[in-house]
Amino acid sequence: MTIQEINKAYNRIIGSLDNRELKNAFDFLQGLIAGSREYASQEKLDEVQETYKYMLRYRGEGAKDPMQEKIYNNMVASTYELADLVKHKALATDSPISYYSFRRTLQTQSQTNYQELHNTLSASIDLIKDEIKKEAVLITLFSRIWVSDLLSTEDVVEIKKILNDTTLPYIAGCQVVSALMLGLQTSFDKEKLLLLFDAASVENDEIRIRALISILLTLCKYRKRTSLYPQIENRLAALAEEYPNFTKAIRTIILRFILARETEKITRKLQDEIIPEMMKLSPKISKKINLSNFTPEHLGEEMNPEWQDMLSQSSIGKKMEEFSELQQEGADVMHSTFVHLKNFPFFREISNWFLPFTTEHSAFGNNFNNDNAEKAMLDTMTTAGFMCNSDKYSFYFSMQQLPETHRKAMMAQFDSQASELIQQNKEELISKRGKLEIITGQYIQDLYRFFKLYPSHLDFDDIFMSPIDFHNLPILEPYISDEESLTTIAEYYLRKNYFADALVIYNRLSLTIQDSEILYQKIGYCKQMIDDLEGALEAYLHADLLNAESKWVIRRIAGCYRTLKQPEEALKYYHRYEKLSPDNLSVQICIGHCHLELKNYNEALKCYFKVDYLDNKSHKAWQPIAWCSFLTGKYDQARNYYKKIIENQPNAQDYLNAGHTEWALQNIKGALAYYKKAVESEENDFNKFQEQFNQDIPDLVVAGIEENEIPLMLDQLRYTLDGTL
């Protein structure tokens, strides 16, 4: 079998098991074993299949077996594990992806067990100058755990010792956690997941929070498997009891992953809007400031108010304000800055993408350790903006590329006051966001960098391309299904315009909350935004029953009815709104439109004239007045309004309607002139013009235009357009 065929067969097996179609899974697995010639697994498959047949026969005889569910779950779990094993063996030799490539590389090296790695790591701590050896051991440890087969009991014991060894630097525990997480993303191993629970119980915040994130990612990826292992649910319950603010921690992680979905949007906004705007603004600012005279003796403490005015008057001002708010919220605003700074040799090593930042890393040499002032300044700069660990390494390597004189000159720009300000901002952010939120945000950004930018990132399933919906996992329901948590998550989805995700949670909340008008308003809004207008209308009507005075709801109901082509029902609600807000001109326009759709043209005109009288500056009533005048045979009145419209900013439809009016007044030349402009406004697309024209033929006939005249007018227009008439 080819690699593609192996993966396809494996996916069929997993799909069948996820749907609990065990017979199909056995058949597909049999095909994978035969096709890949992994006959050593045949005996295990036969054993599981015979047990299943025996259970079904026993059941068919009407016998009740209290152990049936447990036996069934064990068989399903065993089949998952057997499918994983056969797949790994089939791909072990030829698959080019990183996971199997690393496995093959490790097999060619002398094998060091986890106990020996632990001992070597402990010994390297005492040798202060042996940083390189310590890093090499950490890399080996990471790689061994990442690509390991199912962990043995001995392996689990030794890895657990590493996690619990408080004499080791916390970086070791962090790397063990990331290796377990990455390995689990490729292949499920109950023991690896249970080790993450151990890691989530240690005292160090960095290790504990990374472990909790890794647990949630694993539960999410294997949501159909984890229920087969009771000990996972038990360990989760135990962790929830001992973990400080467990529900808050899960909630924070969920919100951070939602925020991570914004990263590409933020990057595009920076590249397509903010940076180009700044580039355009730069020459203006330079001219205003007169940079050539910008010498120390001219410096003062106050900013030039003209600069602020220039910024506030430009669109960049609002965008920068929005950008600043995103930064305060913890959004990943640095991704676009560092996306091109991941080509340093440091990032060729996979484990380094997950490495907590340290200036002691051997890759820096002594460049930053000789100058304490420079090192302190760099430390302050990297901490201030809460760059993720990966970006901090990028920043330092970039600084390292600069000649020493340039670097020192750059550092000189940051005096003690700047340093103090940065430190103050850092402390304010820590107090505002808290350690949990900061570590969570940094680690998720590190993960984002890896799955998007690692040179061989396509070898991995991108976790950010899959639904990361921890709140929808049954196993997490006991901890995250309270009203406060669900409401917080739903509100965040709503604020970020992820309406379908928010709707799932609002629907869950509606099962227990029946009397909240706000909840049903939001359900309606989410449904409206995903184009489920009938569902939106139903929710808005429910909200209206709970509070009949909400103008927002009344108007939404009217809008839904009108969009659903029920203008008569829409009119009822617009009139209700009119009673609550009689001077709302946009509602008057909508009332006029409903009358227009109901062919109550004179009533529609009354509404439009009222709007035009009360608001004689916007002219938004001119077009409907002109068209209603045409439909009611008031052609001179229609002509007057179309003349005014065309003197302003007419569109193709205005020229078309003005042409109809002139034709109704028997002004053939005038009609042709307007029709010609209508075609030109459609970029000379005659077909597009004719499509709109044809829709108006019934109205032209009512206006007295004979049907046999219509093709003549269109041909005359064609000749006029090509200049041959």
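Below: a short report on this structure. (Residues numbered from 1 in each chain as written. Predicted model: local features only at pLDDT ≥ 70, side-chain atom pairs only at ≥ 80, totals over all residues. Heavy atoms only, no water.)

**Some words on helix H9 (residues 170–186)**
Spanning 17 residues, H9 covers 25 Å between terminal C-alpha atoms, matching the ideal 24 Å at 1.5 Å per step. Within H9, 15 of the 17 residues are buried, which leaves it mostly tucked inside the rest of the structure. (Helix = DSSP H or I, 4+ residues; strand = E, 2+ residues; numbered from the N terminus. Expected span 1.5 Å × (residues − 1). Buried < 20%, exposed > 50% of the residue type's maximum accessible area, 1.4 Å probe, protein only.)

**Observations concerning the packing of aromatic side chains**
Enumeration according to the criterion identifies 51 aromatic pairs in this entry. Lying over the aromatic face of Tyr-114, Arg-144 brings its terminal NZ or CZ to 4.8 Å of the ring centre. Here the basic side chain of Arg-208 rests over the ring of Tyr-243, its NZ or CZ set 5.3 Å away from the ring centre. (Phe/Tyr/Trp six-rings, centres within 6.5 Å; stacked < 30°, edge-to-face > 60°. Lys NZ or Arg CZ within 6 Å of the ring centre and 35° of its normal.)

**Comments concerning a negative patch on the surface**
On the surface, Asp-531, Asp-532, Glu-534 and Glu-538 cluster together to form a negatively charged patch. By the secondary structure assignment, Glu-534 is in helix H26 (residues 533–546). (Patch = residues over 30% accessible without salt bridge, like charges linked within 9 Å, V, L, I, M, F, W, Y side chains within 5 Å. Areas by Shrake-Rupley, 256 points an atom, 1.4 Å probe, with all protein chains shown as cover. Salt bridge = Lys/Arg side-chain N within 4 Å of Asp/Glu carboxyl O. Lys, Arg positive; Asp, Glu negative; His and termini not counted. Charge placed at Lys NZ, Arg CZ, Asp CG, Glu CD.)

**Things to note about unusual backbone geometry**
Working note: non-glycine residues mostly have negative phi, and peptide bonds are mostly trans. Positive phi, close to 70 degrees, is recorded for Asn-497, a residue that is not glycine. Here Asn-497 is to be found in the loop between helix H23 (483–495) and helix H24 (499–510). A positive phi angle, near 60 degrees, is found at His-619, a position not held by glycine. Along the polypeptide, His-619 turns up in the loop between helix H30 (601–614) and helix H31 (622–631). Of the residues examined, His-619 reaches a relative accessible area of 26% and is grouped as partly exposed.

**Examining the side chain of Arg-144**
Here Arg-144 lies in helix H7 (residues 131–146). No salt bridge is formed by the buried Arg-144, whose closest oppositely charged neighbour, Asp-155, lies at an N-O distance of 5.5 Å. Leaving out residues up to four positions away in the same chain, Arg-144 has contacts with Leu-106, Gln-111, Thr-112, Asn-113, Tyr-114 and Leu-117. (Contact = heavy atoms within 4.5 Å.)

**A few points about the environment of Arg-256**
Counting through the fold element by element, Arg-256 comes out in helix H13 (residues 246–260). Taking the relative accessible area as the measure of exposure, Arg-256 reaches 6% and is therefore buried. Placed 76 residues apart in sequence, Arg-256 and Asp-332 show a C-alpha to C-alpha distance of 9.8 Å.

**A few points about the pattern of salt bridges**
Opposite charge on two side chains permits them to pair, given that their charged atoms come into close proximity. Under the counting rule described, the total for this entry stands at 32 salt bridges. Close ionic contact of Lys-23 with Asp-27 constitutes a salt bridge, the shortest N to O distance being 2.6 Å. Separated by four residues within a single helix, Lys-23 and Asp-27 lie in helix H2 (residues 22–36), roughly one turn from each other. Relative accessible area serves as the criterion here: at 37%, Asp-27 is assigned to the partly exposed category. Between Asp-332 and Arg-449 there is a salt bridge, with the nearest N and O atoms lying 2.6 Å from each other. Of this pair, Asp-332 sits in the loop between helix H16 (315–329) and helix H17 (335–338) while Arg-449 sits in helix H21 (residues 416–453), and the two are 117 residues apart along the sequence.

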